[in-house]
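Report on the structure
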Amino acid sequence: MTDDPDDTPDPPDFTPVPLKYYRHDGWTPERQRAFIQALARCGSVPNAARSVGMGTGRIYDLRNREGAEEFRAAWDDAIQKATGKIHDVLVDHAVNGAPEPVMYGGEQVGEFRRFDHRLMMWLLSHHKPDQFSLAPDNGRALSDERMKTL
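Model, not experiment: these values are computed from the prediction.

Some words on the packing of aromatic side chains
This model, assessed by the stated rule, comprises six aromatic pairs. With a centroid separation of 5.8 Å and 90° between ring planes, the pair formed by F71 and W75 is classed as edge-to-face. Here the residue F71 and the residue W75 both occupy positions in helix α4 (residues 69-96), the gap between them amounting to four residues, near one helical turn. For the pair F71 and W75, a shared accessibility class is recorded, and that class is buried. Taken together through their ring pairs, the aromatic side chains of F14, W27, F35, Y60, F71 and W75 make up a single cluster. The positively charged end of R33 is found above the aromatic ring belonging to F14, 5.9 Å away from the centroid. It is R63 that lies over the ring of W75; its NZ or CZ is 4.6 Å from the centre.

Structure follows, in structure tokens:
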């Protein structure tokens, strides 16, 4: 996941939660839009709130207010976008390995790729469950033929 501003998705078009009073240091419409955009980028409610100068103390109250239907939908959409990015990173790490620095004398002198076989199996079990299910047997024991394909 990146905080690169060029990688920031456009926030969905939504009507901010109507409030009786908008305080300059509160959840203004601009701050609500910035929060949704940050949430789509990072996938973390506390981090997105912090990035717009707010805490999480009132964000869930705002989400549950009457008239917040579009804000809730935008929030859910932002989480879906972030989840898609997480999936992309996991697939990249499964295929190419996760980069890890090689240190010598307190300085980075190189990098190597560490492969996580459990991550690979998890991805396979979700993308090709007929071949790589990690679920309990349920009558689908691995046959000798199926073992040859692994």
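A word on the packing of α4 against helix α5 (residues 117-127)
Where α4 contacts α5, the axes come no closer than 9 Å and their chain directions differ by 120°. The angle between the axes of α4 and α5 places the two elements in the oblique class. Both α4 and α5 take part in a crossing whose hand is left-handed. Within the contact between the two elements, α4 uses H87, L90, V91, H93 and A94 and α5 uses L119, M120, W122, L123 and H127.

Some thoughts on α5
Spacing of three or four residues puts side chains on the same side of an α-helix, whose turn is 3.6 residues. Every buried residue of α5 is accounted for by L119, L123 and S125. Relative to the axis of α5, the buried residues are bounded by an arc of 160° and lie together on one face. Of the exposed residues in α5, those oriented more than 90 degrees away from the buried face are H117 and R118. In this structure, the buried side of α5 is in contact with α4 and α6 (129-132).

What counts, and at which threshold
- Residues numbered from 1 in each chain as written.
- Predicted model: local features only at pLDDT ≥ 70, side-chain atom pairs only at ≥ 80, totals over all residues.
- Heavy atoms only, no water.
- Phe/Tyr/Trp six-rings, centres within 6.5 Å; stacked < 30°, edge-to-face > 60°.
- Helix = DSSP H or I, 4+ residues; strand = E, 2+ residues; numbered from the N terminus.
- Buried < 20%, exposed > 50% of the residue type's maximum accessible area, 1.4 Å probe, protein only.
- Lys NZ or Arg CZ within 6 Å of the ring centre and 35° of its normal.
- Axes fitted to C-alpha atoms, helices over the stretch in contact; angles between N-to-C directions.
- Parallel < 35°, antiparallel > 145°, perpendicular 65-115°, else oblique.
- Left-handed = near helix turned anticlockwise from the far one by under 90°.
- Contact = heavy atoms within 4.5 Å.
- Arc of directions from axis to C-beta.

Geometric values such as these leave the question of function open.
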